[in-house]
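Fold and contact review
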Amino acid sequence: MIRLVLLDIEGTTLPISFVRDVMFPYAAKALPALIEDHTNPQVVGARADIAVSHPGEDPLKVCQDWMAKDEKAAPLKTLQGITWRQGFEDGTLRADLYQDVPPALKAWSKGGLRLAVYSSGSVPSQKLLYGYTEQGDLTPLFEGFFDLSTGGKKEAASYTKIAKACALKPEEILFLSDIGAELDAAKEAGLHICQLVRPQDKTVPHEGVPQAVDLNDVTQKFSLPA
Ligand SMILES: CSCCC(=O)C(=O)COP(=O)(O)O
Ligand SMILES: [Mg+2]
């Protein structure tokens with residue numbers, strides 16, 4: 001029996017275009033000044049991590065390359081999250097979630113399902129994103145937020161850790177994502193899985209995996225509360 005739905009963000013609840021065309025350019029603009037901030041311990045830590053993976057390279061250039069490739073690198077995600085705080089808090093950024101998302105999450109939660117987030121975006125940026133959506137503050141719907149500090153999304157061990165943190169068996173969790181390799185890892189850990197194949201995101205269907213076009217379709221296919 002499914003007790004908790006674990007949700008990816010980009011490509012699952014939020015159009016990829018919002019991340020690529022709105023959030024990334026905002027972060028790219030703020031990054032050159034932020035990366036020179038030697039007083040912020042999070043920035044100092046991120047720079048130190050970049051120096052380990054890319055010794056001798058310009059940290060700003062490394063981050064810019066990562067952003068161009070939408071690389072899910074933890075130091076980049078930390079730095080982006082710091083830049084986005086200002087934008088969400090002053091109203092410049094508002095997450096425009098897929099229209100099917102808020103009503104489905106509310107119905108699932110009302111029907112007794114537990115909800116949690118697992119995204120490459122840092123936990124503080126996940127909370128900002130769901131705190132400031134066009135449809136209001138959705139953070140109270142989620143009991144847990146997980147990011148790359150739990151482990152990579154393409155590693156089965158990360159899903160085992162999340163199940164333990166939620167005090168659930170893996171088979172009591174349904175993981176939703178657009179990325180085949182993430183779903184394979186979750187399946188290996190014993191979770192139920194479903195790929196969101198969003199036409200707007202031109203998602204590539206992953207072979208041998210249950211698929212849905214939106215969260216209403218997930219509701220039907222997994223008999224979740226409507
Ligand atoms: C708060 S998420 C911001 C989007 C982002 O930077 C990201 O990497 C999302 O990746 P996901 O794992 O949700 O596909
Ligand atoms: Mg995704």
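Up top is the structure.
Figured I'd write up the structure that's included with this text. (Residues numbered from 1 in each chain as written. Chains lettered and ligands numbered in written order. Predicted model: local features only at pLDDT ≥ 70, side-chain atom pairs only at ≥ 80, totals over all residues. Heavy atoms only, no water.)

**Some words on the site of ligand 1**
For clarity, the cut-off: Residue proximity to a molecule or strand is established when one non-hydrogen atom of the residue lies within 4 Å of it. Polar contacts here mean pairs of N or O atoms no more than 3.5 Å apart (in protein, one a potential hydrogen donor and the other a potential acceptor; neighbouring residues in sequence count only if both atoms are side-chain atoms). Accessibility throughout is a Shrake-Rupley quantity obtained with a 1.4 Å probe, and a residue counts as covered only by protein chains that appear here. Lining residues are defined by having an atom within 4 Å of a point belonging to a cavity or pocket. Those points lie on a 1 Å grid over the protein atoms alone, cavities being sets where a 1.4 Å probe fits but cannot get out and pockets being open sets with protein on both sides within 12 Å along at least five of seven lines. Occupancy of a cavity or pocket is assigned to a molecule whenever over half of its atoms lie within 2 Å of that pocket's grid points.
Near ligand 1 you find 17 residues, and of these Asp8, Lys77, Ser119, Ser120 and Lys153 are the closest. The separation between an oxygen atom of ligand 1 and a polar side-chain atom of Asp8 is 2.8 Å. Within the side chain of Lys72, one N or O atom sits 3.0 Å away from an oxygen atom of ligand 1. Alone, ligand 1 offers 400 Å² of accessible surface; in the complex the protein occludes 99% of this. A majority-of-atoms criterion places ligand 1 in the largest pocket.

**With respect to the layout of surface pockets**
Heads up, the condition is: Grid points are joined across faces, edges and corners, and a volume is the space filled by probe spheres set on the points. Runs of E in the DSSP output that reach at least two residues are strands. Runs of H or I that reach at least four are helices, and both are numbered from the N terminus. Any residue outside Ala, Val, Leu, Ile, Met, Phe, Trp, Tyr, Cys, Pro, Asp, Glu, Lys and Arg is labelled polar, Gly included; the first ten of those are nonpolar and the last four are charged.
Taken as a whole, the largest pocket encloses approximately 490 Å³ of empty space. What lines the largest pocket is a set of 25 residues, and nearest its centre among them are Glu10, Asp70, Lys72, Ser120 and Glu182. Mapped onto the lining of the largest pocket, the elements with two or more residues apiece are helix H1 (16-34), helix H4 (74-89) and helix H6 (123-131). Of all the elements, H1 adds the most residues to the lining of the largest pocket, at four residues. Here the lining of the largest pocket is built from residues that sort into ten nonpolar, six polar and nine charged. What lines the second largest pocket is a set of 13 residues, among which Ala74, Pro75, Thr78, Asp147 and Ser149 lie closest to the centre. Counting only elements with at least two residues in the lining of the second largest pocket, the list comes to helix H2 (41-53) and H4. Among the residues forming the lining of the second largest pocket, the class breakdown is four nonpolar, six polar and three charged.

**Describing the environment of Asn40**
Among the structural elements, Asn40 can be located in the loop between H1 and H2. A distance of 2.8 Å separates a polar atom in the side chain of Asn40 from the backbone nitrogen of Gln42.

**Here's the deal with the environment of Ile2**
Rules: Every residue pair with non-hydrogen atoms within 4.5 Å of one another is taken to be in contact.
Along the chain, Ile2 turns up in the segment before strand S1 (4-7). For the pair Ile2 and Pro170, spaced 168 residues apart in sequence, the C-alpha to C-alpha distance is 9.5 Å. Setting aside chain neighbours within four positions, we find Ile2 in contact with Leu113, Glu172, Leu174, His192, Phe222 and Leu224.

**A closer look at the sheet that holds strand S5 (residues 192-196)**
Rules: Strands qualify as paired when DSSP identifies two bridges or more between them. Only the contacting stretch of a helix is used when fitting its axis, a line to C-alpha atoms as for every element, and angles between N-to-C directions run 0 to 180 degrees.
One open sheet accounts for six strands, arranged S3-S2-S1-S4-S5-S6; its pairing is parallel. A single partner strand is all that each edge strand has here, and the edge strands are strand S3 (144-146) and strand S6 (211-212). The pairing of S5 with S6 spans two bridges and is classified as parallel. Opposite Leu196, over in S6, you have Ala212 as the bridge partner. Where helix H8 (residues 180-188) meets the sheet, its contacts fall on strand S4 (173-177) and S5, and the angle it forms with S5 comes to roughly 170°.

**Notes on the state of the cysteines**
Note on terminology: a disulfide is the covalent bond linking the sulfur atoms of two cysteines. Heads up, the rule is: We call a pair of cysteine sulfur atoms a disulfide whenever their separation is within 2.5 Å. For each residue, the accessible area found with a 1.4 Å probe, counting protein chains only, is set against the maximum for its type, and the residue is called buried under 20%, exposed over 50%, and partly exposed in between.
Applying the stated criterion across every chain yields a total of zero disulfides. With no disulfide of its own, Cys194 lies closest to Cys166 among cysteine sulfurs, the gap being 19 Å. On the accessibility criterion, Cys194 (0% relative accessible area) is buried.

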